[in-house]
Amino acid sequence: MPSLSSRPGRRFHTLDVFTDKALSGNPLAVVLDTDRLDDAAMQKIAAEFNLSETVFVLPPEDIAHRARLRIFTPTQELPFAGHPTVGTAVLLAMLDGAPAGAFTVEERVGIVPCDVAIAGDGVGEATFTLPRLPERLGALPDAAIIAAALGLADSDIGFARHVPLQYSAGSPFAMVPVASRAAVDRAASVTTAWDAAFGQVNRSSAFIYCSEPVDPAHRFYARMFAPSLGIGEDPATGSAVAAFAGAVMDHEALGDGEHRIVVEQGYAMGRPSQIVLTLTLEDGALVKATIGGKAVLLSEGRLFA
């Protein structure tokens, strides 16, 4: 019987994303050796890792780009996701030995430009420009139906000018403003009422948020539930914050220029994460949006599948 050290295998790494501290943030698996893996095999491997997302790094279709990324939850492939983009960009820069740089990656949603800086000791930071600006998709059911799906009271739904709506910047989300951090922490996905509230949202993903962050230097506090994706709760969801930019534009009074907004997520799970959303406005219109955050390398190994 061959020793473990002599067995061939596919290289993989895991990182914790939207944090600079190991064992916090959102875990991510990145599989580097993807030859002879078909769609079904990738899905099975993602289910085996059982993280919110697993990335498979493939050669780019256009050599002008650094890599092509395919992103899977435990149950299905996604066209775009934020923490996989940030984490994989940091890992690729580490593997390239580049302390800082810029490159583009291919995702199903389109070409994603990334800027990366490596701090050393397995920690880096990446910021990517949204390949698609957020758009409003439509209304959601009334507050009573939404509250029932989240185990909350009707009065918990909404604050200031914020009302529940659907948005997408590549992946659609129900955006649900909640009156307080205490209410956000009380929330849970109620299976029997979920579809009535969020069934019209593709993949039934709900991002709930309030304007009471733990750190007063930050701006919003959030949680994200996506039971239909096999994700009971996600510690940090860059694609949701990308869509959330649409809610910020609709409900916050922002002037021209650049606005840096830090969203806290994962605190209720014991996985504190900080997602940096930057919005650039000209003549009152959103012309650019970026998502950024840190990532720390946690493990590396070989996958025998």
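Since the structure is predicted, the reported quantities are computational estimates derived from the model, not experimental observations.

Caption draft 1: Inspection of the pairing of strand S8 (residues 123–129) at higher detail. Inspection of the sheet shows strand S7 (residues 110–120) paired to S8 by six bridges, in the antiparallel sense. Bridging across to S8, Ile-118 finds its partner in Gly-124.

Caption draft 2: Fine view of the nonpolar core. Core analysis: the largest hydrophobic core is formed by 62 residues, its most contacted members being Phe-207, Tyr-209, Phe-244, Leu-279 and Ile-291. Per element, the largest residue contribution to this core is eight residues, and it comes from helix H6 (residues 238–251). Residue contacts for Ile-291: discarding those within four places in its chain leaves Phe-18, Ala-126, Thr-127, Phe-128, Leu-130, Gly-238, Val-241, Ala-242, Ile-275, Val-276 and Leu-277. Judged by nonpolar contacts, the second largest core, of 23 residues, contains Val-176, Val-201, Ala-206 and Phe-225.

Caption draft 3: Examining the packing of aromatic side chains more closely. Summed over all chains, the structure comprises 12 aromatic pairs. Ring centres 5.6 Å apart and planes at 90° place the aromatic pair Phe-56 and Phe-72 in the edge-to-face group. You can see Phe-56 sitting in strand S3 (residues 54–58) and its partner Phe-72 sitting in strand S4 (residues 67–72), a full 16 residues away along the chain. Neither Phe-56 nor Phe-72 differs from the other in exposure class; each is buried. Between Tyr-209 and Phe-220, the ring centres sit 6.0 Å apart and the planes meet at 85°, which makes this aromatic pair edge-to-face. Of the two residues, Tyr-209 sits in strand S12 (residues 206–210) while Phe-220 sits in strand S13 (residues 220–226), which places them 11 residues apart along the sequence. The burial state of Tyr-209 is the same as that of Phe-220; both residues are buried. An aromatic cluster is defined as three or more aromatic residues linked by ring pairs; in this entry it consists of Phe-159, Phe-207, Tyr-209, Phe-220 and Phe-244. The ring of Tyr-221 carries the charged tip of Arg-181 above its face, separated from the ring centre by 5.8 Å. Over the ring of Phe-220 we find Arg-219; its NZ or CZ atom is 4.4 Å from the centre of that ring.

Caption draft 4: The arrangement of the environment of Ala-187 in detail. As for its position among the elements, Ala-187 is in the loop between helix H4 (181–186) and helix H5 (191–198). Separated by 71 residues in the primary sequence, Ala-187 and Glu-258 place their C-alpha atoms 32 Å from one another. Beyond its immediate chain neighbours, meaning those up to four positions away, Ala-187 contacts Leu-150, Leu-152, Ile-208, Arg-223 and Phe-225.

Caption draft 5: The arrangement of helix H3 (residues 143–150) in detail. Taken together, the buried positions of H3 are Ile-146, Ala-147, Ala-149 and Leu-150. Seen from one end, H3 has its buried residues packed into an arc of 160°, which puts them on one side. Where H3 is buried, its residues touch strand S11 (172–177), H5, S12 and S13. Phi for Gly-151, located one or two positions after H3, is positive at around 70°.

Caption draft 6: Seen up close, unusual backbone geometry. Here Arg-36, not a glycine, exhibits a phi torsion of approximately 65°, which is positive. Note that Arg-36 resides in the loop between strand S2 (26–31) and helix H1 (39–49). If you check the backbone angles, Asp-283 has positive phi at about 50° while not being a glycine. Position of Asp-283 among the secondary structure elements: in the loop between strand S16 (273–282) and strand S17 (285–303).

Caption draft 7: Broad picture of H1. Met-42, Gln-43, Ile-45 and Ala-46 are the residues of H1 that are buried. Along H1, the residues classed as buried sweep out an arc of 165° about the axis, all on the same side. Of the exposed residues in H1, those oriented more than 90 degrees away from the buried face are Lys-44 and Glu-48. For H1, the elements touching its buried residues are S2, S3, S4, strand S5 (77–78) and S17. The positive-phi residue at the C-terminal boundary of H1 is Asn-50, with phi of around 55°.

What counts as what
- Residues numbered from 1 in each chain as written.
- Predicted model: local features only at pLDDT ≥ 70, side-chain atom pairs only at ≥ 80, totals over all residues.
- Heavy atoms only, no water.
- Pairing = 2+ DSSP bridges.
- Helix = DSSP H or I, 4+ residues; strand = E, 2+ residues; numbered from the N terminus.
- Core = buried A, V, L, I, M, F, W, Y, C linked by side-chain atoms within 4.5 Å.
- Buried < 20%, exposed > 50% of the residue type's maximum accessible area, 1.4 Å probe, protein only.
- Contact = heavy atoms within 4.5 Å.
- Phe/Tyr/Trp six-rings, centres within 6.5 Å; stacked < 30°, edge-to-face > 60°.
- Lys NZ or Arg CZ within 6 Å of the ring centre and 35° of its normal.
- Arc of directions from axis to C-beta.

Take it as geometry only, folks, not as evidence of what the structure does.
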